[in-house]
Amino acid sequence: MSTTPAARPEAADLRRPSGPAQLFRVFTRTSLQGFGGVLAVVQRELVERERWYTPESFLQDWAVAQVLPGPNVCNLALMLGDRTHGWRGAAAALAGLLLLPLALALLLAGGIGGLAAHPDTQRVFSGALEGMGVVAAGLIAGTCLRLAAALRSHPLGFLPALAVAVLAWGTLALAGWPLTWVVPGLGLCGALVTALVMKKGRR
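Participant: What is the right way to look at the overall build of the chain in this model?
Facilitator: Looking only at helices and strands, the chain features seven helices and zero strands. Ordered by position in the sequence, the α and β elements of the chain form the string α-α-α-α-α-α-α. Counting only residues that meet the buried cut, the chain has 29% of its 203 residues in that class. Taking all contacts inside the chain whose residues are at least 6 apart in sequence as the whole, residues at least 24 apart take part in 60%.

Shown next, in the form of structure tokens:
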């Protein structure tokens, strides 16, 4: 397993997980780094470190993972594991995401459960969570900028694709529209327009 990051793996350089065991190890490592900024960690691990995705293919699978019900990263792990090693790969990837973090969460809950009601403890945890929230926001913003670079190869062209992305952000962050409206509505429109452009380009 390579540990040298690659800034932008091309399709010809892509690797394949060697088996369920490697899927389990990589997703376990990923889950232990996902303190709020899980998208940034997943992108770095799967695209830059392991080279299982190109930026474009990662963006496509992440979009599908967002549409499906459930946590995005769990959906992505299931899709990647199933595609490469069937149900065993899917089970191994999902187990890697969940088992060790669950065990750590249970240990922490049992260890500090008696201190949780203490005012000093609450102040410490509140400050720590606020600080982590700032870091998570920065990680997500940086990853979004990296993923935006993949739009250069989009069939719509960079600027139209970027305009759709900004529109999605605006409807969610500024207008406050529900995600259940934006994803099917804007997502379906984007898919249809892209399909028409690709069909026209093949003629």
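Participant: I tried to follow the packing of aromatic side chains on my own but got confused; where do I start?
Facilitator: The geometry of an aromatic ring pair is captured by the separation of the ring centres together with the interplanar angle, meaning the angle of the planes. Following the criterion strictly, the structure yields two aromatic pairs and no others. Ring geometry for Y53 against F58: centres 5.7 Å apart, planes inclined by 80 degrees, an arrangement best described as edge-to-face. Given a relative accessible area of 2%, Y53 falls into the buried group. Between F58 and W62, the ring centres sit 5.8 Å apart and the planes meet at 20 degrees, which makes this aromatic pair stacked. Taken as a pair, F58 and W62 lie in helix α3 (residues 55-67) at a separation of four residues, close to a single helical turn. With relative accessibility at 0%, the residue F58 sits in the buried group. Taking relative accessible area as the criterion, W62 reaches 8% and is therefore assigned buried. Stacked on the ring of F158, the Lys or Arg R152 has its end atom at 5.6 Å from the ring centre.

Participant: Sorry if this is basic, but what is going on with the packing of helix α6 (residues 158-174) against helix α7 (residues 179-202) here?
Facilitator: Each pair of packed helices gets described by two things: the angle between the helix axes and the distance between those axes. Contact geometry for α6 and α7: axes closest at 10 Å, N-to-C directions at 160 degrees. Considering the angle they form, α6 stands roughly antiparallel to α7. For α6 against α7, the interelement crossing comes out right-handed. Mapping the contact onto sequence places V164, L167, A168, T171 and L172 in α6 and L179, V182 and L186 in α7. When grouped by side-chain class, the residues that make up the contact of α6 with α7 number seven nonpolar, one polar and no charged.

Here is what the cut-offs are and how they apply
- Residue positions within a chain follow its written sequence, with the count starting from 1.
- Where local features are concerned, this predicted model is filtered to residues with pLDDT of at least 70; where side-chain atom pairs are given and counted, the filter is 80 or more; whole-chain, interface and lining totals use all residues.
- Hydrogens and waters are ignored; side-chain quantities use all the structure's heavy atoms.
- Each helix is a run of H or I in the DSSP string that is no shorter than four residues. Each strand is a run of E no shorter than two, and both are numbered from the N terminus.
- Only protein chains enter the area calculation, which uses a 1.4 Å probe; residues under 20% of their type maximum are buried, those over 50% are exposed, and those in between are partly exposed.
- The contact rule is simple, with two residues in contact once any of their heavy atoms fall within 4.5 Å.
- Pairing of aromatic side chains here covers Phe, Tyr and the six-membered ring of Trp, requires ring centres within 6.5 Å, and sorts the geometry by plane angle: under 30 degrees stacked, over 60 edge-to-face, intermediate tilted.
- Throughout this description, the term charge over a ring refers to an Arg CZ or Lys NZ atom that lies within 6 Å of the ring centre and within 35 degrees of the ring normal.
- Here the axes come from fitting lines to C-alpha atoms, over the contacting stretch only for helices, and the angles between their N-to-C directions go from 0 to 180 degrees.
- Oblique is the label for any angle not covered by the other classes, which are roughly parallel (under 35 degrees), roughly antiparallel (over 145) and roughly perpendicular (65 to 115).
- Helix crossings get a hand from a simple test, with the near helix turned counterclockwise from the far one by less than a right angle marking a left-handed crossing and a clockwise turn marking a right-handed one.
- For this scheme, ten residues count as nonpolar: Ala, Val, Leu, Ile, Met, Phe, Trp, Tyr, Cys and Pro. Four count as charged, namely Asp, Glu, Lys and Arg, and the remainder, Gly too, count as polar.

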